[in-house]
Amino acid sequence: MLNVVVLVSGGGTNLQAVIDGVEAGTIGNTRIAGVISNNQNAYALTRAKEHHIPSACISPKMFSSREEFNERFLEEVDRMKPDLIVLAGFLVVIPPAMIKRYRNRIINIHPSLIPSFCGTGYYGLKVHEAALARGVKVTGATVHFVDEGTDTGPIILQKAVEVEEGDTPEVLQRRVMEQAEWRILPKAIDLIAGGRVTVEDNRVKFI
Ligand code: GRF
């Protein structure tokens, strides 16, 4: 059984896709051990409570230093005993000690086809604004392992989505969520839960 802890900051639609997948059995051999947010108003926390999933809220704002937050945050994550940590719209920088401890056991969903429109400053609507500004005809989403960089870890799954005439950033964001994010994040967790994913030479291989 894969113990998954999901880290969230916002509406939690990706969390909901994971919850639905676990409950429907399309994500096999998995249980969501807990949800942690840095934002006490995150609707994602409401979704966790509605599905009787333990949740916690811990924010850098609660501490006098980032080092103190990093230590406390890692303790909170460890307490839930994750086999896999899923960043689903989590907007806080992951402590280096946590990346080391959970090497290739932390995954993130990013709303573009990495290496396009990613890295520092590219999150949420900003990603789609940049894609529209560049005039790309295709965008999409990526699930990748988290390493010390920003959106730089080994890529697990990607799914392309058409950009349509007249798209606004909000319309494009919704299409990328519906057609890509909410499909490849559950799929990636199911593959990992089934022992189908390995990392060799910093690239993902399926077994
Ligand atoms: C999604 O667009 C995801 O790609 C990005 O942050 C957003 C989170 O949305 N990482 P939600 O909280 O899952 O609805």
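Note that the coordinates shown come from a computational prediction; the quantities given were computed from them, not determined experimentally.

Enquirer: What's the story with the site of the ligand in this structure? I'm lost.
Expert: Gly 10, Gly 11, Gly 12, Thr 13, Asn 14, Gly 89, Ile 109, Pro 111, Met 177 and Glu 181 make up every residue found near the ligand. Between the ligand and Asn 14 there is a distance of 2.9 Å, counted from an oxygen atom to a backbone nitrogen or oxygen. The fraction of the free accessible surface of the ligand (360 Å²) that becomes covered by protein chains is 87%. Mapped by element, the contributors of at least two residues to the shell around the ligand are α1 (13–24) and α6 (169–193).

Enquirer: So what exactly am I meant to see when it comes to the environment of Ile 155 here?
Expert: Within the secondary structure, Ile 155 sits in strand β7 (residues 155–162). The spatial distance from the C-alpha of Ile 155 to the C-alpha of His 144 is 4.2 Å, given a sequence separation of 11 residues. With residues up to four places along the chain from it excluded, the contact list for Ile 155 reads Ile 114, Thr 142, Val 143, His 144 and Val 204.

Enquirer: For this particular structure, what's the right way to read the packing of aromatic side chains?
Expert: Aromatic ring pairs are defined here through the distance separating the ring centres and the angle between the ring planes. One pass over the full model with this rule turns up three aromatic pairs. The interplanar angle of 20° and the centroid separation of 5.2 Å between the aromatic rings of Phe 69 and Phe 73 together place this pair among those described as stacked. Placement of both Phe 69 and Phe 73 in helix α3 (residues 66–79) is noted, with a separation of four residues, approximately one turn of the helix. Judged by its relative accessible area of 0%, Phe 73 is buried. A centroid spacing of 5.7 Å and a plane angle of 10° characterise the contact between Phe 73 and Phe 90, whose relative ring orientation is stacked. Placement of Phe 73 in helix α3 and of Phe 90 in the loop between β4 (84–88) and α4 (96–101) is noted, with a sequence separation of 17 residues between them. Assigned by exposure class, Phe 73 and Phe 90 land together as buried. Among the aromatic side chains, those forming a connected cluster through ring pairs are Phe 63, Phe 69, Phe 73 and Phe 90.

Enquirer: How do you make sense of the pairing of strand β6 (residues 138–145) when you look at a structure like this?
Expert: Each regular strand shows side chains that alternate between the opposite faces of the sheet. The element β6 is extensively covered by neighbouring structure, given that seven of its eight residues are classed as buried. As paired elements, β6 and β7 share seven bridges and run antiparallel to each other. Paired with Gly 140 across the two strands is Ala 160, which belongs to β7.

Enquirer: For this particular structure, what's the right way to read the pattern of salt bridges?
Expert: Here the idea is simple: oppositely charged side chains can pair when their charged atoms come close. The tally for this structure, following the rule as stated, stands at eight salt bridges. Across the pair Glu 148 and Arg 103 runs a salt bridge, and its minimum N-O distance is 2.7 Å. Taken as a pair, Glu 148 in the loop between β6 and β7 and Arg 103 in the loop between α4 and β5 (106–110) lie far apart in primary sequence, 45 residues in all. Look at Arg 103 and you get partly exposed, because its relative accessible area is 38%. Residues Arg 174 and Glu 178 are paired through a salt bridge, measuring 2.9 Å at the closest nitrogen-oxygen approach. Residue Arg 174 and its partner Glu 178 are located together in helix α6, separated by four residues, close to a single helical turn. On the basis of relative accessibility, which here comes to 43%, the residue Arg 174 falls in the partly exposed class. We classify Glu 178 as partly exposed; its relative accessible area is 37%.

Basis of the calculations
Residues numbered from 1 in each chain as written. Predicted model: local features only at pLDDT ≥ 70, side-chain atom pairs only at ≥ 80, totals over all residues. Heavy atoms only, no water. Near = heavy atom within 4 Å. Polar contact = N/O pair within 3.5 Å; in protein donor to acceptor, adjacent residues only side chain to side chain. Areas by Shrake-Rupley, 256 points an atom, 1.4 Å probe, with all protein chains shown as cover. Helix = DSSP H or I, 4+ residues; strand = E, 2+ residues; numbered from the N terminus. Contact = heavy atoms within 4.5 Å. Phe/Tyr/Trp six-rings, centres within 6.5 Å; stacked < 30°, edge-to-face > 60°. Buried < 20%, exposed > 50% of the residue type's maximum accessible area, 1.4 Å probe, protein only. Pairing = 2+ DSSP bridges. Salt bridge = Lys/Arg side-chain N within 4 Å of Asp/Glu carboxyl O.

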